[in-house]
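If you want the building blocks of each chain, they are given just below.
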Amino acid sequence: MKRYANAILTLINESSNHLTAEQVFLELKKTEPKIVLASVYNNLNALTEKGLIRKVSLDGQADRYDKIKKHDHLVCRKCGRLADFEFGDLTENLSAQLHSDVFKYDLKVFYECSECRNKINN
């Protein structure tokens, strides 16, 4: 694995946020002053390809990176906030409906978060 991969993997797995590459870079810069943004992108890509982290892509936003633990996402359609949510494993249900094996899925549910709803009501 590449030089900074373990530090990036630890950072993502310990974070309660969905970090962008720039956020990962700024956090690592505190302990690795010689790191460059290109190294962060290269390591994020390698970790994603190896299945050690997952990339969460949303239209019009920077990609974010997340731990592998099975969960789904809520996305606020107003502010773009991304939050973890567990619907339970839908693999068996999906496979039955499709009459085929489902290997993985990435569920994003779009809604309005409470902060955005409160802005509208105030």
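Residues numbered from 1 in each chain as written. Predicted model: local features only at pLDDT ≥ 70, side-chain atom pairs only at ≥ 80, totals over all residues. Heavy atoms only, no water.

Student: Run through the sheet that holds strand β2 (residues 54-56), naming residues and quoting values.
Tutor: One open sheet holds the 3 strands; their spatial order is β1-β3-β2, and the pairing between them is antiparallel. Strand pairing shows two members of the sheet lacking a second neighbour, β1 (19-20) and β2, which therefore form its edges. Across 3 bridges, the pairing between β2 and strand β3 (residues 64-66) is antiparallel. Bridging across to β3, Arg 54 finds its partner in Asp 66. (Pairing = 2+ DSSP bridges. Helix = DSSP H or I, 4+ residues; strand = E, 2+ residues; numbered from the N terminus.)

Student: With reference to specific residues and values, describe helix α1 (residues 5-14).
Tutor: Among all positions in α1, only Ala 5, Ile 8, Leu 9, Leu 11 and Ile 12 are buried. For α1, the buried positions fall inside an angular range of 165 degrees around the axis, keeping them on one side. Exposed residues on α1 whose side chains face more than 90 degrees from its buried face are Asn 6 and Glu 14. Each element contacted by the buried residues of α1 is listed here: β1, α2 (21-29), α3 (37-49) and β3. (Buried < 20%, exposed > 50% of the residue type's maximum accessible area, 1.4 Å probe, protein only. Arc of directions from axis to C-beta. Contact = heavy atoms within 4.5 Å.)

Student: Now, about the sheet that holds strand β4 (residues 72-76): what can you tell me, with residues and values included?
Tutor: On the basis of which strands lie adjacent, the open sheet formed by 3 strands has the order β5-β4-β6 and mixed pairing. Of all the strands in the sheet, just β5 (82-85) and β6 (108-111) have a single pairing partner and so form its edges. For this sheet the average axis-to-axis angle between neighbouring strands, irrespective of direction, equals 30 degrees. The sheet contact formed by β4 and β5 spans 4 bridges and is antiparallel. Within β5, the residue paired with Val 75 across the bridge is Leu 82. (Axes fitted to C-alpha atoms, helices over the stretch in contact; angles between N-to-C directions.)

Student: Lay out the environment of Leu 11 with the relevant residues and their values.
Tutor: Considering the arrangement of structural elements, one finds Leu 11 in helix α1. Once the C-alpha coordinates of Leu 11 and Leu 28 are considered, the two residues, 17 residues apart in sequence, prove to be 8.4 Å apart.

Student: So what's going on with the nonpolar core? Residues and values would help.
Tutor: Grouped together as the largest cluster of nonpolar side chains are 17 residues, with contacts concentrated most on Ile 8, Ile 12, Val 24, Val 40, Leu 44 and Ile 53. Of the residues forming this core, the biggest block, 5 residues, is contributed by α1. Sequence-distant contacts of Ile 12, defined by excluding residues within four places in its chain, comprise Val 24, Leu 44, Ile 53, Tyr 65, Asp 66 and Lys 67. (Core = buried A, V, L, I, M, F, W, Y, C linked by side-chain atoms within 4.5 Å.)

Student: Can you break down the packing of α2 against α3 residue by residue, with the values?
Tutor: Put simply, α2 and α3 touch, their axes get as near as 9 Å, and they point 120 degrees apart. The orientation of α2 relative to α3 falls into the category oblique. The way α2 lies across α3 gives a crossing that is right-handed. On α3, the residues touching Ala 21, Glu 22, Val 24 and Phe 25 of α2 are Leu 37, Val 40, Tyr 41 and Leu 44. (Parallel < 35°, antiparallel > 145°, perpendicular 65-115°, else oblique. Left-handed = near helix turned anticlockwise from the far one by under 90°.)

Student: Can you tell me about the side chain of Asp 72, naming the residues and giving the values?
Tutor: Its place among the elements puts Asp 72 in strand β4. Here the side chain of Asp 72 touches Lys 70 through a polar contact of 3.1 Å, side chain to side chain. If we ignore the near neighbours within four places in the chain, the residues touching Asp 72 are Ala 83, Asp 84, Phe 85, Glu 86, Phe 87, Gly 88, Tyr 105 and Leu 107. (Polar contact = N/O pair within 3.5 Å; in protein donor to acceptor, adjacent residues only side chain to side chain.)

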